[in-house]
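Observations on the three-dimensional arrangement
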Amino acid sequence: MSAHERPPAAPATTTDGRPGPPPRSGGASAAGWVLTIGLNVVAPILTYNVLTEDHGWSEFTALLAGSAWPVLDSAIMVAWRRKVDEFAVVTLVFLVITALVSLIGAHTARALLVKDSGVTGLFGLLCLATLLAPRPLMFYFGRKFATDGTPASTAWWNGMWRYEGFRSTMRTMTLVWGVAYVAEALVRVGLAFTLSTSTMVTLSPLMIYGVLGALGVWTAWFGKRRAAEGERRQAEAEAEAAARAARPGPTPA
């Protein structure tokens, strides 16, 4: 073997026997995030603001126009990596839901606040509904944020599903996110009819991002806790097996 030829690095393993993630590709990860944030967050917001403020479009038509960007992101991902980007699909679904919600009922300030709560509540219900699917929503969100999108890292994440502890973690996370957003939506609807509109205009976004931040912190903590528990159980099992092997066998008669 020449000096320039190196064998591929063996995949890392965690102490509980699960395969560790492959080395991340910095370039692929950066390109994926630029596309994700640009086409799923920045472009729809800019499209909505420009069309409603500068061109007088309705909220409904501006939101539908903005939904073209996640479609483009999905098309690029299919052409580039031969797979559908679930994050873009979810973004597209909720842009369409938001557009449809904007058509319902009166368009007073209080009604718009209630409609905003309806969108986050629908997200919570979607999380809960996916608990009945083969894989819950947080599995796909986790794959988006925990990998760089390359075939190796995607295959590693998909392969983790065979571990019961991993499946339980994904389902628990999905359940907590679903319940939290349904509860948050119900609380905001109640406050919209209790507090003044001026107070809710300030409080509503604080609640949205506060709940999101709290869930993000809890998700990181819970994931690390579950990983540590798995490693502890594996270490205890290995210690018990070693102790059994070290015990002297019965003395022959």
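I will try to describe carefully the structure that is included in this document.

**Focus on a nonpolar patch on the surface**
Where nonpolar side chains cluster on the molecular surface, the patch consists of Ile37, Val41, Val42, Ile45 and Leu46 and spans about 400 Å² of accessible area. Given a relative accessible area of 35%, Val41 falls into the partly exposed group.

**Looking at the nonpolar core**
Phe123, Phe166, Met170 and Trp177 are the most contacted members of the largest nonpolar core, which has 19 residues in total. When residues of this core are traced back to their parent elements, those giving at least two are helix H5 (109-129), helix H6 (137-146), helix H7 (151-159), helix H8 (164-192) and helix H9 (197-246). Top element by residues in this core is H8. It accounts for 5 residues. Non-local contacts of Met170, meaning those with residues more than four positions away in its chain, are made with Pro136, Met138, Phe139, Trp157 and Trp161.

**Brief notes about the pattern of salt bridges**
In total, this model carries 4 salt bridges according to the counting rule given. As a salt-bridge pair, Glu229 and Arg226 come within 3.9 Å of each other at their nearest N and O atoms. Within this pair, Glu229 and its partner Arg226 are both found in helix H9, separated by 3 residues, close to a single helical turn. You can call Arg226 partly exposed: its relative accessible area is 23%. Glu240 is paired through a salt bridge with Arg244; the nearest N and O atoms lie 3.1 Å apart. Linking Glu240 with Arg244, this pair stays in helix H9, spanning 4 residues, or about one helical turn.

What counts, and where the lines are drawn
Residues numbered from 1 in each chain as written. Predicted model: local features only at pLDDT ≥ 70, side-chain atom pairs only at ≥ 80, totals over all residues. Heavy atoms only, no water. Patch = residues over 30% accessible without salt bridge, like charges linked within 9 Å, V, L, I, M, F, W, Y side chains within 5 Å. Areas by Shrake-Rupley, 256 points an atom, 1.4 Å probe, with all protein chains shown as cover. Salt bridge = Lys/Arg side-chain N within 4 Å of Asp/Glu carboxyl O. Buried < 20%, exposed > 50% of the residue type's maximum accessible area, 1.4 Å probe, protein only. Core = buried A, V, L, I, M, F, W, Y, C linked by side-chain atoms within 4.5 Å. Helix = DSSP H or I, 4+ residues; strand = E, 2+ residues; numbered from the N terminus. Contact = heavy atoms within 4.5 Å.

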